[in-house]
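The primary structure of each chain is shown beneath.
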Amino acid sequence: MHAPFAQKASYRVLSHTSEDLHAEQTFPLEDIQPWRDSSHQYLQGASSRNTEYTPAPVWDNEESSGAQDGGGTANKGMYESSDPNRSSTKPDWLPYTLRWHCLALILAFTVLLEILVAIAHGVSARGVGLVTDDGSGNIVVLSKFVPTLFAVIHGILLSILLNDVRRTQPFANLASPSGAVGKLSIAWTANPWWETLIASFPKRRTKSTNWAMLCATVAFMFSFLLVSPFSSTFLVSEDVRFTQDVTFSQLDIAPALPLRGNPLATTYFRTASNVLQHVTTSAWITDKYAVLPFWPSEAGGSAPLGPIISDSVQTWTAKTTVFSVEMTCEKMDLVESRPMDWHSPEFTVPVEAYLARLMSPSGCTLNLTLPLGTDIAGGGAVWSDMQKFNSSDFSDGFNSPWDLHDCPQDDIFFMTKRLYDATAKNATIVGQTCYTHYYKGEPSVTVSLANTSSSVEINEPEYMSTREPIPRTVADLPSFERVFMNVTSWNIHLKKPASAKRAFASGPAVLLSAVYDFSIEDMMSDAALTQNMGRIKQRFFGELWRDVFDRASDRHTMPEPGTIAETKRRIVVVPAAAIILEVSLFLQIILLSSVLVATRLTRRPLGLFFDPAPPIRVAQLISSDASTLQSLENLHGAATSKELALSLSEKKYLLSNGQIHLIGPEIPEGQPTKLTPRTHELRHNALSDSVRGENQSFAFSVWMLISLILLLAAALITIAYLYWFSDAIGLYQTAFVYAFDVSVGGFDLGDVNPASLVTTLVAVSIGLWWGALDSVLRRVQPYLALAKKPISRSGSEAVYISYGSSYLLWATLRAVKRSHWILALVCTGAFLAEIFTIAMSSLWTRENGALPSVFEVPRQLELRHAPQLSPGTIQFTTAAGNYKQNALAELFGNMRTSWIYGAAIQTSLNGSEPAWSSDGWSFVPYDLSSVPSIARQNIGNRTEVPMSSTNATLATPGIRGRLECSPHQHLALEKTSSWLTEWDLTNTTQWRKLDNSSRSLTRAFELGLATLGDNTLLPLDDKPDIYGNYTSFFAQDKRFQCCENKTHGRRGMGSVGYWSPNLHNMSTYPDIAGNSRDVPRPWPTNFTVKWIHGLPVESYCSMEDPYGCRPRLLWAEKPRMSALNCMPIIETAEATVTVDVADGHVMDYVLHGEPVPDSHAWSYDFVQHQYNGSESVWAINITTSHGVLFVTGLFGASDIDSVAGNMAYSTQSENLLDQTFNIRMPGLNVDLMSYSMLSLVNYNHEALLDPDMLARTAQKTFSALFQSYASRNVSLSTGGYVFQPVGETLPADLDGPVNKTTRAVDTPPPGNTTVPVYLSHPVKLLRISKPAAWLCLIILAYLVLAGMALAMASRKYRTMLPRQINSIADAAVLMAGSHRFLSLVQETREVKNIRLDPNTRIRLGWFNDWKGTRRWGVEVVGEEQQQSTNKPNEVKFDDHDPDPDPPSDSTSTSLVNNNVDETPFSDYFQETDYYRRFNTDQDSLIHR
């Protein structure tokens, strides 16, 4: 070991100026253990007052040369010298980010992010989300850009922090008391983060962990590996439920109890509508329960009883009363059957009959004798009350023998196939015997509301545990059973047309049979038969409760507590992402706190007075220690930084008092640094190999730049392609839409879509890569500026400038100011790379979408051109009935698909429109069953998404019916005498009062005139005449019998309303147009829509009625009437329609052009065609156009018996036993068309007295009727009423040989046999944000162009800088042999005071040093030789300078001709014209 100095030595620094020529500063040298007896140090440079001084250039001090760290103090160095460039007497410089206030701000920002994330997570976790997602741009910015923006800013700050920790680490090693080996000090490089992480851990030479660098690196890793990626999935848009306690209003039905069996016509209508066409009549009445309604008290108003409770999107929950019917059935099998002769007392001869015995497993036995020839023998079904069972109900009045025993059940049901040909072996009779239980309970009920639907669900487990049998005080159950099992009621409301054929049904079996289209075979084969029986009984029971609710809706209500849950689209926090961010930020807080503590100068001294990044600062660090210079001077030939580090690996350096000192091993005085054989070889080959040079860094390699450009181009192309693909087709593949469901311990932490994570990681990776280029170029830019051309006064900043502490746009601005254009491009790219990360994080949105495709489907149907062909019977007498009846009866046969019922349901009960129809338009349907479906998407969440319906868009013709209505020209409604007859009721010879419960009237009014149709017709001419124009008040020329509105003996207001054809010249239905009674009446024929409102009375009958004293509907006061003359119009148009592939529901449609009248709608008016080859001479074929058939059937629906024609010879009254297509109830007697109109005005009877309102409602009703007529009962093979198979024509032999006129429909050829269908499959899509995509594309395009510019420039840079400049040694080697540059640095007190004369330059290039060695470095050169007696030679740049890219200006060219200064470096400071000779040994610390 070398002994330390025995005493403190000192030396004198000569002053720069004459004012301080004699000033002296003494700095002690202490605590040093040198490797030799005397210190070697270059003189700080001085000039004498009497000597000539060379001016030096001025550098603008744009970097802070020193910063005070308020919290730390510097340890005294082992060397102390006078350094006039220091900003203070303490080495307390720190980078900006390591100063306590700046680092505290970064820490505070991290804490703020942690608090914000925690608060957002907490608020969102309460189930309310953060803000409502209204789809505005502000919400998009909040949810997509803001989290990533904060994460990127945070990442940039941590990146700068890590960069400053890394670049100051070698100085921290140098400033340690024992110094550091070259590999860990001057040869230490600022490695990538992964190498920095490894270097932070203990090594063989470093036994301790570098906590500052480790914590900074790990914090940075958390930032770009976790914080940035997961910030993109931190906020998502989801549906959030808000729940609040409210008070509901509940119907008080106590005054209306007990429930009684008093059904109205609407009760049957609603029941049949639901059972047959699955229409929700009221949301409170379901297939299993009847629920007592409740609604928010703050909403006010009456109880919402319809199918749509509210248009709000909410969920209501409260306890309420629930009623239900439960049926338990067991099957009855046929145990005995045989044909027999029944000896009836009513007949003298035996009657053929069939004996059957049915028995259930519990022993219930039914013995039946079924006479052949009765209705049931032809096949049918019977549903009866066990106590009221009677064979006369199903045996045409015959009281055939029957026996029922051992049957404690409530209901019995049996059905049989045709018995006429049955034997004991093939007879088929089955039955069911059932118990019926009625319950009530008070469970929790949840009402789910949507814009177009409402559903009511009960808590079934709670209901089952609390329910109890319904007491008699609540419901009169026997009366309900009586009306439900009534034999005639169901036939009245589901009446069979006279000429129609269907299986027999009795009691509620009529409705049950209608469910199966009266097919006994289907009923027997259906395993769900008993379920349908229970559903029908529950529905009718529920509709009776609906009537109770209606009566109580305007009464007092009761309060009931409950909750309202409202679903809103909200921005919510993804729990999984929030937890990851919270943990990451919390750890970063700890790490940054550790960095704050570990980087204080008291713990981690740097020994610096200034920023060491500029070249001149590096020269200052090494210029005053000869040993340091000698250790570096001969290493200029090292080919790589690794070679250089290897050469310095055994040397030890110390940073003290702003100078780097070599403290071991000792270098003998006057001897060069010992070089390895490899270094000798490199030095020998330096000139020849220098042109190739060393890549500035791995990131600066041409191939790496090409790889980066390719990566950027690939990202650009990928985003552009995905942008196009997303816009044109859609990103629906599992790789794009899959989301990981994150859960811990069963707790769901939300879904994380990896697409956002991957794109953010890609963006972060590109940003890191580009940041590496940016970091390298900012580090070497000063040297590139020196290498490009000699620096004069105008460019002198290159010696002092440093971009090491300048980032992003600040570095760009500084580069632009100095015309460093490539650096400006790269720094701008670094800034844009951060914007790119933000844009990439918001690039994707996972949402519902559609996948388009095209498919060809065959054209099977078209609009009907050929008329409808129906069988018929020739009308040979009036009593035989009208020949049109068979064709008309077909319109009303199938109740399950009845178009009149369907239209009434659609308008009055808010039913859905038929398939392939919308807004009154019906479109030609296509068979979409062959449309291909896509595979189910696996979008994660532990389950696959079930296949949803697919939408199809195609071109197809459309057809609709509408009305043009106007008042009758000659009908004066204000003149009541033209349509009312006033009767004197006191005339007892003519009138008799049937009911004495109400007050007697002295006079009354009856619709119509006694002189015209016997009070059945409404005259339409000025002078009423049976041979003129008229219509009927009822659907046909029949008198009204019903319906008055009487409550507790008091009469109330009532209305009647029917649509009726306009007739002429004694014509009657169904002959309403054409050549009726030899009077031409072309189609389309007009009809009259009427609405009459007043005080009806039905307790009087006429004594003059030949059929007995039948009640006639009178009016206690003159009623008011509104009537319109309406012409039906059927028109067509070409359209493009979008339908649901699954059910044909029309989602949207667009008409092409104006609609045109359908010329084929009125061509054939029940044209008769008699076929000679027929088995019956009365059989005919009938051809009818679809418009004619529709309008004619429409007027016969409300009086089905009239389709057979008028066969009576006197005035008839309406048939009260026919209520299939009309509504008769207290105060209302209307057909279903008028009832639909009444429902459209919310059942306001007086509203329809307004002609405009009457016209609007009639128009909507008529369109719905034709829409239902056209779109129901359509077969893709045979067509329907309005559609036909493509190219269909009438048979050629339709008329046969009798009539030689062959009728055929001229139809155009089919044309195209297929139609393109544009499919839209609903899928989960990864939707690309257009603004974000364009921003990414623009940034990537810029980065590609900037990368290409950098790649082209890098070739020149590699020749300008043959070696990397990554470490202190890399820069110091460039200056260690530059004696003029070092002396210039030494002699100047302040860097900003350096002056160069106009002819002096500083350059980085090849030159011969004082030893004659050719080296590459930074040196001062002058253009003009100074005249002196003892002048040293100037530095000479060789004419054969291998720099392949020398400066192009004249100044740099002239420098090549200078002489080489070969004066020994230590002898250079002899007395000359420039510098004085040293006067004392103390002044010269370098041996000559």
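My aim in this report is to walk through the structure given alongside it, one point at a time.

Things to note about the overall build of the protein chain
Then, in step 1: Secondary structure summary: the protein chain contains 32 helices and 55 strands in total.
Then, in step 2: If you sum the accessible surface of the protein chain, you get close to 61500 Å²; carbon and sulfur atoms cover 54% of it.

Side note on the pattern of salt bridges
Then, in step 1: Considering all chains together, one arrives at 32 salt bridges under this definition.
Then, in step 2: Between R778 and D774 there is a salt bridge; the shortest N-O distance is 2.8 Å. Of this pair, R778 and D774 both sit in helix α20 (residues 754-788), four residues apart, which is roughly one turn of the helix.
Then, in step 3: Classification of D774 by relative accessible area gives buried; the value is 5%.
Then, in step 4: A salt bridge links R1112 to E1006; the nearest nitrogen and oxygen atoms lie 2.8 Å apart. Here R1112 is found in strand β44 (residues 1111-1115), whereas its partner E1006 is found in strand β31 (residues 1003-1007), with 106 residues between them in sequence. The two residues R1112 and E1006 agree in class, both being buried.
Then, in step 5: Members of the salt-bridge network, linked through shared partners, are R270, D287, R539, E543 and D547.

Considerations on the packing of aromatic side chains
Then, in step 1: Under the criterion given, the structure shown has 50 aromatic pairs.
Then, in step 2: The interplanar angle of 45° and the centroid separation of 5.9 Å between the aromatic rings of F1266 and Y1269 together place this pair among those described as tilted. Residue F1266 and its partner Y1269 are located together in helix α28 (residues 1251-1271), separated by three residues, close to a single helical turn. Across the pair, exposure class does not vary: F1266 and Y1269 are buried alike.
Then, in step 3: Here a set of aromatic residues connected by ring pairs shows up, and it is made of Y268, F323, W383, F413, Y438, F480, F484, W490, F540, F541, W545 and F549.
Then, in step 4: Note that R617 overlies the ring of F610, its terminal NZ or CZ placed 4.6 Å from the centroid.
Then, in step 5: A cation sits over an aromatic face here: R814 above Y803, 5.3 Å from the ring centre.

As for a nonpolar patch on the surface
Then, in step 1: Taken together, the side chains of L112, L116, L149, F150 and I153 make up a nonpolar region of the molecular surface, amounting to roughly 380 Å² of accessible area.
Then, in step 2: Counting residues per element, the ones that place at least two in the nonpolar patch are α1 (100-128) and α2 (137-174).
Then, in step 3: At three residues, α2 tops the list of elements feeding residues into the nonpolar patch.
Then, in step 4: L149 gets classed as partly exposed once you look at its relative accessible area, which sits at 35%.

Looking at the pairing of strand β48 (residues 1179-1184)
Then, in step 1: Note: strand β25 (residues 868-873) against β48, six bridges, orientation antiparallel. Bridging from a neighbouring strand, L869 pairs with T1183 of β48.
Then, in step 2: By the bridge criterion, four bridges tie strand β47 (residues 1167-1170) to β48 in an arrangement that is antiparallel. Across the sheet, Q1168 pairs through a bridge with I1182, a residue of β48.

Notes on the sheet that holds strand β19 (residues 652-656)
Then, in step 1: With antiparallel pairing, three strands are arranged side by side in an open sheet as β2-β19-β20. Either end of the sheet is taken by a strand with one partner, and the two such strands are β2 (180-181) and β20 (659-664).
Then, in step 2: Note: β19 against β20, five bridges, orientation antiparallel. Counterpart to K652 in the pairing with β20 is G664.
Then, in step 3: Against the sheet, helix α13 (residues 615-622) engages β19 and β20, with an angle of about 45° to β20.
Then, in step 4: Along the sheet, helix α14 (residues 626-633) contacts β19 and β20; its crossing angle with β20, the most-contacted strand, is approximately 80°.

What about the nonpolar core?
Then, in step 1: F413, F541, W545 and W1059 are the most contacted members of the largest nonpolar core, which totals 151 residues.
Then, in step 2: The element contributing the most residues to this core is helix α11 (residues 529-552), with ten residues.
Then, in step 3: Excluding residues within four positions of it along the chain, F413 makes contact with A381, V382, W383, V430, G431, Q432, A509, L512, M523, L529 and M533.
Then, in step 4: By size, the runner-up hydrophobic cluster in this structure holds 135 residues, among which are L103, A216, V618 and Y803.

Details of helix α22 (residues 808-817)
Then, in step 1: Among the residues making up α22, those that are buried are L808, A811, T812, R814 and A815.
Then, in step 2: Downstream of α22 by one or two residues, S819 has phi in the positive range, about 60°.

Quick word on the pairing of strand β43 (residues 1096-1102)
Then, in step 1: Among the seven residues of β43, six are classified as buried, and the element is accordingly described as predominantly covered.
Then, in step 2: Pairing geometry for strand β30 (residues 991-993) and β43, over three bridges, is antiparallel. Its bridge partner being in β43, K993 is matched across the sheet by Y1100.
Then, in step 3: As judged from the four bridges shared by β43 and β44, these two strands associate in the antiparallel manner. Counted as the bridge partner of P1096 is W1115 from β44.

With respect to α14
Then, in step 1: For α14, a buried count of seven out of eight residues is recorded, marking the element as mostly surrounded by other parts of the structure.
Then, in step 2: Turning to α14, its buried residues are A626, S627, T628, L629, S631, L632 and E633.
Then, in step 3: Its side-chain oxygen 3.3 Å from the backbone nitrogen of S627, D625 forms the N-cap of α14.

A word on the packing of helix α18 (residues 702-728) against α20
Then, in step 1: Contact geometry of α18 with α20 gives a least axis separation of 12 Å together with a crossing angle of 145°. Like other packed secondary-structure pairs, α18 and α20 cross with a definite hand, here left-handed. The segment α18 lies against α20, with M704, L705, S707, L708, L711, L712 and A715 engaging I766, W769, W770 and L773.
Then, in step 2: Residue composition of the contact of α18 with α20, by class: ten nonpolar, one polar and no charged.

Describing the state of the cysteines
Then, in step 1: Enumeration according to the criterion identifies five disulfides in this entry.
Then, in step 2: Here C329 pairs with C434 through a disulfide, and the sulfurs are 1.9 Å apart. Between C329 and C434 the disulfide shows an S-S torsion of about 110°. By sign, it is right-handed. Placement of the pair is C329 in strand β7 (residues 322-342) and C434 in strand β13 (residues 429-441), with a sequence separation of 105 residues.
Then, in step 3: What makes C329 partly exposed here is its relative accessible area of 25%.
Then, in step 4: Here C965 connects covalently by a disulfide to C1126, the sulfurs 2.0 Å from one another.

As for the sheet that holds β47
Then, in step 1: The strand order β25-β48-β47 describes an open sheet built from three strands, whose pairing is antiparallel. Each edge of the open sheet is held by one strand with a lone partner, namely β25 and β47. Here the strands of the sheet are splayed against their neighbours by 35° on average, with no regard to which way each runs.

Comments concerning unusual backbone geometry
Then, in step 1: That bond from Y1069 to P1070 is cis: its omega, 5°, falls within 30 degrees of zero.
Then, in step 2: Note that P1070 resides in the loop between β39 (1063-1064) and β40 (1074-1076).
Then, in step 3: At the junction of W1083 and P1084, the peptide bond is cis and its omega measures out at 0° in the coordinates.
Then, in step 4: Positive phi outside glycine occurs at D406, with the angle close to 60°.
Then, in step 5: Within the fold, D406 resides in the loop between β11 (402-405) and β12 (411-416).
Then, in step 6: With relative accessibility at 55%, the residue D406 sits in the exposed group.
Then, in step 7: One non-glycine residue, N1015, adopts positive backbone phi at about 60°.
Then, in step 8: Structurally, the position occupied by N1015 is in the loop between β31 and β32 (1017-1019).
Then, in step 9: Relative accessible area serves as the criterion here: at 4%, N1015 is assigned to the buried category.

Each value, and the rule that gives it
Residues numbered from 1 in each chain as written. Predicted model: local features only at pLDDT ≥ 70, side-chain atom pairs only at ≥ 80, totals over all residues. Heavy atoms only, no water. Helix = DSSP H or I, 4+ residues; strand = E, 2+ residues; numbered from the N terminus. Areas by Shrake-Rupley, 256 points an atom, 1.4 Å probe, with all protein chains shown as cover. Salt bridge = Lys/Arg side-chain N within 4 Å of Asp/Glu carboxyl O. Buried < 20%, exposed > 50% of the residue type's maximum accessible area, 1.4 Å probe, protein only. Phe/Tyr/Trp six-rings, centres within 6.5 Å; stacked < 30°, edge-to-face > 60°. Lys NZ or Arg CZ within 6 Å of the ring centre and 35° of its normal. Patch = residues over 30% accessible without salt bridge, like charges linked within 9 Å, V, L, I, M, F, W, Y side chains within 5 Å. Pairing = 2+ DSSP bridges. Contact = heavy atoms within 4.5 Å. Axes fitted to C-alpha atoms, helices over the stretch in contact; angles between N-to-C directions. Core = buried A, V, L, I, M, F, W, Y, C linked by side-chain atoms within 4.5 Å. Polar contact = N/O pair within 3.5 Å; in protein donor to acceptor, adjacent residues only side chain to side chain. Left-handed = near helix turned anticlockwise from the far one by under 90°. Nonpolar A, V, L, I, M, F, W, Y, C, P; charged D, E, K, R; others polar. Disulfide = S-S within 2.5 Å.

Purely geometric stuff here, so don't read any function into it on its own.
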